[in-house]
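# Architecture and fold: a report
The chain contents come next:
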Amino acid sequence: MTRRTHAALAAAIAAALTLGLGACSSSKSDSGTSGDGKGITTEGNGIIGGTPVKGGTLHILSNQDFSQLDPTRNWVEPEMDFGLRTLYRTLTTFKAAPGKEGLEIVPDLATDLGTSGDGGKTWTFHLKDGLKYEDGSPIVADDIKYDVERSFSAELPGGPDYAKQYLNAPAGYAGPLKGERLGKEAIEVPDAKTIVFHLKRPVAEFGYTATLPTFAPVPIAKEAGAQYSNHPFSSGPYKIETYDRGKQLVLVRNTNWEQSSDTVRKAYPDKIVVDQSLGGSGIADRLIANQGEDQSAIMYADLTASKVPDVITNPAAKARLVSENEGCTAMLTFDTSKAPFDNKNLRLAVEYAIDKEAFQSSVGGPALADLATTFLPPELTGGTSVDHFKIPAGGDLDKAKQYLQQAGLSGAINTEITVSNGAKAQAEAIQASLAKINVNVTINALDASVVNSVLGDKSKQTGLSISGWCPDYPSGATFLPMLFDSRIITDTGNQGNKSRFKDPSVDAEMDRIATLSDVNAAGQAWLALDAKIMDAAPAVPLTWQKKPLLVGSNIAGAFASPIWSAQIDYATVGLKSVK
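Remember, it's a predicted structure, so these values are computed and weren't measured experimentally.

Next up on the list: the overall build of the protein. Within the protein, the secondary structure is distributed over 15 helices and 21 strands. Relative to the 2.2 N^0.38 estimate, which gives 25 Å for 579 residues, the radius of gyration of the protein is 22 Å and therefore close to what a compact globule would have. Looking at the protein as a whole, 61% of its 579 residues are labelled buried. Total accessible area computed for the protein in this model is approximately 19700 Å², and 50% of it derives from carbon and sulfur atoms. Across the protein, the centroid of the 55 positively charged side chains sits 1 Å from that of the 66 negatively charged ones.

The next point concerns the packing of helix H8 (residues 344-353) against helix H15 (residues 519-536). It is the contact of H8 with H15, at a shortest axis distance of 8 Å, that shows an interaxial angle of 100 degrees. Comparing the axis directions of H8 and H15 gives the class roughly perpendicular. From H8, Lys344, Arg347, Leu348 and Glu351 reach across to H15, where they touch Met534, Asp535 and Ala536. When its residues are assigned to classes, the contact of H8 with H15 shows three nonpolar, no polar and four charged.

Let us look at the packing of aromatic side chains. On inspection of all chains with the given rule, the structure shows 21 aromatic pairs. Taking 6.2 Å as the distance between ring centres and 70 degrees as the angle between the ring planes, the aromatic pair formed by tryptophan 75 and tyrosine 162 counts as edge-to-face. Of this pair, tryptophan 75 sits in the loop between strand S3 (57-61) and helix H1 (79-86) while tyrosine 162 sits in helix H3 (residues 162-166), placing them 87 residues apart in sequence. No difference in accessibility class separates tryptophan 75 from tyrosine 162, as the two residues are buried. Ring centres of phenylalanine 152 and tyrosine 173 lie 5.1 Å apart, and the angle between their planes is 70 degrees; on these two criteria the pair is classed as edge-to-face. Placement of phenylalanine 152 in the loop between helix H2 (141-150) and H3 and of tyrosine 173 in the loop between H3 and strand S8 (187-191) is noted, with a sequence separation of 21 residues between them. Of the two residues, phenylalanine 152 and tyrosine 173, neither departs from the other in class, the shared state being buried.

Take the sheet that holds strand S11 (residues 248-253) next. Taken together, five strands build an open sheet; the order of strands is S10-S11-S12-S3-S13 and the sheet is mixed. Since the sheet does not close on itself, it has two edges, and those belong to strand S10 (238-244) and strand S13 (297-299), each with one partner. Here the average twist between neighbouring strands, direction ignored, is 20 degrees. Together, S3 and S13 form the strand contacts of helix H5 (residues 280-289), whose direction differs from that of S13 by roughly 140 degrees.

What follows concerns the pairing of strand S14 (residues 321-334). Within S14, 13 of the 14 residues are buried, which leaves it mostly tucked inside the rest of the structure. Note: S14 against strand S19 (residues 539-550), 10 bridges, orientation antiparallel. Pairing of threonine 333 across the sheet is with alanine 539, part of S19. In this structure, S14 lies alongside strand S18 (residues 464-469), joined through six bridges in antiparallel fashion. Opposite threonine 333, over in S18, you have serine 465 as the bridge partner.

Moving on: the state of the cysteines. Covalently bonding the sulfur atom of one cysteine to the sulfur atom of another cysteine gives a disulfide. Counted under the stated rule, the structure contains one disulfide. In this model cysteine 328 forms its disulfide with cysteine 470; the gap between the sulfur atoms is 2.1 Å. Handedness here is read from the sign of the S-S torsion; for cysteine 328 and cysteine 470, about 105 degrees, the answer is right-handed. With cysteine 328 in strand S14 and cysteine 470 in the loop between S18 and helix H13 (480-484), this residue pair connects regions lying 142 residues apart in the sequence. Comparing cysteine 328 with cysteine 470, the two get one shared label, buried.

Another aspect to go through is helix H10 (residues 397-406). Restricting attention to buried positions, one finds in H10 the residues Ala400, Tyr403 and Leu404. Taken end-on, H10 shows its buried residues confined to a sector of 105 degrees, consistent with a single buried face. Exposed side of H10, more than 90 degrees from the buried face: Asp398, Gln405 and Gln406 are the residues found there. Buried residues in H10 make contact with H8 and strand S16 (413-420). Put simply, aspartate 396 is the residue that caps the front of H10, since its side-chain oxygen is 3.4 Å from the backbone nitrogen of aspartate 398. Immediately downstream of H10, the backbone of glycine 408 shows phi near 75 degrees, a positive value.

Quick notes on the rules
- Residues numbered from 1 in each chain as written.
- Predicted model: local features only at pLDDT ≥ 70, side-chain atom pairs only at ≥ 80, totals over all residues.
- Heavy atoms only, no water.
- Helix = DSSP H or I, 4+ residues; strand = E, 2+ residues; numbered from the N terminus.
- Rg over C-alpha atoms; globule rule 2.2 N^0.38 Å.
- Buried < 20%, exposed > 50% of the residue type's maximum accessible area, 1.4 Å probe, protein only.
- Areas by Shrake-Rupley, 256 points an atom, 1.4 Å probe, with all protein chains shown as cover.
- Lys, Arg positive; Asp, Glu negative; His and termini not counted.
- Charge placed at Lys NZ, Arg CZ, Asp CG, Glu CD.
- Axes fitted to C-alpha atoms, helices over the stretch in contact; angles between N-to-C directions.
- Parallel < 35°, antiparallel > 145°, perpendicular 65-115°, else oblique.
- Contact = heavy atoms within 4.5 Å.
- Nonpolar A, V, L, I, M, F, W, Y, C, P; charged D, E, K, R; others polar.
- Phe/Tyr/Trp six-rings, centres within 6.5 Å; stacked < 30°, edge-to-face > 60°.
- Pairing = 2+ DSSP bridges.
- Disulfide = S-S within 2.5 Å.
- Arc of directions from axis to C-beta.
- Polar contact = N/O pair within 3.5 Å; in protein donor to acceptor, adjacent residues only side chain to side chain.

See below:
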């Protein structure tokens with residue numbers, strides 16, 4: 001997460017080349033930033049291998065387990081892309097296409113993009129005929145209502161919280177696991193094929209909101225609480241055959257899914273095998289070598305920075321590289337709720353001390369990342385980056401020391417930074433920068449699958465972390481509110497606002513912008529708010545990254561999704577030939 005518009009999905013992202021930023025989030029993500037043109041990108045229309053054939057086994061090589069496949073809780077990339085394209089469908093979804101076409105939404109389970117009433121405070125969707133789960137039982141509107149209700153459950157933290165923000169739900173509603181269902185004031189289900197959402201305020205982009213996994217169906221009879229992630233009941237083209245957590249997930253065709261009701265997912269492979277216990281460098285070596293089953297394999301996590309030269313100097317391998325801008329911002333995040341980073345001047349000292357060029361090098365250099373100078377990525381600022389502070393790329397130690405003096409702190413400052421195991425190089429770059437202003441940083445490196453849960457727990461969160469955000473769809477509404485709205489902060493399961501930043505004037509401005517019907521006016525207002533928040537320095541934008549993913553020579557239909565943080569779109573990827 002989210003983030004995208006509140007546009008935008010938000011998916012929390014992992015800043016190094018291994019954690020998915022995003023969340024949910026995105027990021028989704030997209031077109032190019034205003035970089036220097038040294039990045040690596042796919043050729044032509046960005047699609048590798050032409051149109052796939054039906055059949056065969058697609059192999060996905062990964063260095064990590066999924067943290068969540070439960071649609072109620074799935075709000076990071078690339079897990080959201082994977083779940084939404086293989087296991088479950090939503091009321092609306094994004095087209096499966098590269099570039100601008102992939103930013104368009106289309107009906108999915110619903111017959112249209114929703115009908116609004118009451119000035120945008122009521123939204124009605126009708127389901128298509130003949131929709132079925134993996135066992136052949138019908139998908140009904142109440143199943144979608146139930147998933148939305150689950151998103152209120154404290155027992156199921158970490159998922160998109162748009163429903164909690166938007167729905168006219170009673171104060172204190174705790175979700176269906178507590179035995180409560182929402183009433184007609186929030187969600188009506190007049191019949192098996194109709195669902196009506198009643199919102200607290202007008203939301204012109206609610207059709208986009210309904211693309212999120214919160215708006216997938218979950219049948220009450222299959223409720224398994226926190227264990228539902230081990231086997232979400234499929235409404236998509238595939239179902240789980242076996243899932244050995246942290247080792248391997250095998251998907252096979254859901255024979256009750258019908259292509260005639262789904263214009264987006266092509267479901268080319270007969271089987272999808274996700275191997276989750278591999279090392280990042282080993283994955284790269286296998287795909288560069290391109291032997292046997294690996295010819296029909298794709299990367300899940302990003303190409304490690306150390307392997308980039310091996311790919312871009314090898315014409316055969318480079319031709320199989322998918323690499324586009326993610327549209328996400330990686331950042332150094334402060335826990336502003338407690339010392340020492342409750343001190344704004346100390347945060348500004350860090351802002352000026354960071355050597356962003358060193359950080360850029362740690363994630364692969366200019367070929368894989370542009371330097372970030374604001375929270376909003378260029379995709380949300382008219383295509384051109386905004387340089388707010390105009391700090392030299394290597395930092396400004398004199399200015400940093402001035403802010404440190406204003407902070408009133410003397411002696412060494414000790415803190416910790418939490419990152420994934422794959423992001424140690426990034427953490428070390430931060431560590432080296434801050435040592436120059438006497439801020440001593442201890443690195444707390446964890447498995448990628450648990451980082452978000454640790455950072456979401458107030459009692460466990462460290463002073464610093466490397467995280468990120470992706471818009472859920474191309475709007476500042478899905479970006480800044482998910483990062484800095486104080487009203488979404490929770491003590492545990494905190495997925496947005498990881499800085500725990502609180503400013504009532506910022507909250508009020510977000511509410512004001514949300515009422516604007518003029519898209520251009522809203523865009524300018526988000527830009528101005530971005531500048532205001534930058535001045536408060538709850539985080540330091542570091543890079544706008546590209547996502548490099550290598551595929552085998554038998555892969556076809558592979559392209560970077562402009563929505564899901566430039567991850568390969570699983571809706572259309574498959575094999576060139578079946579042997």
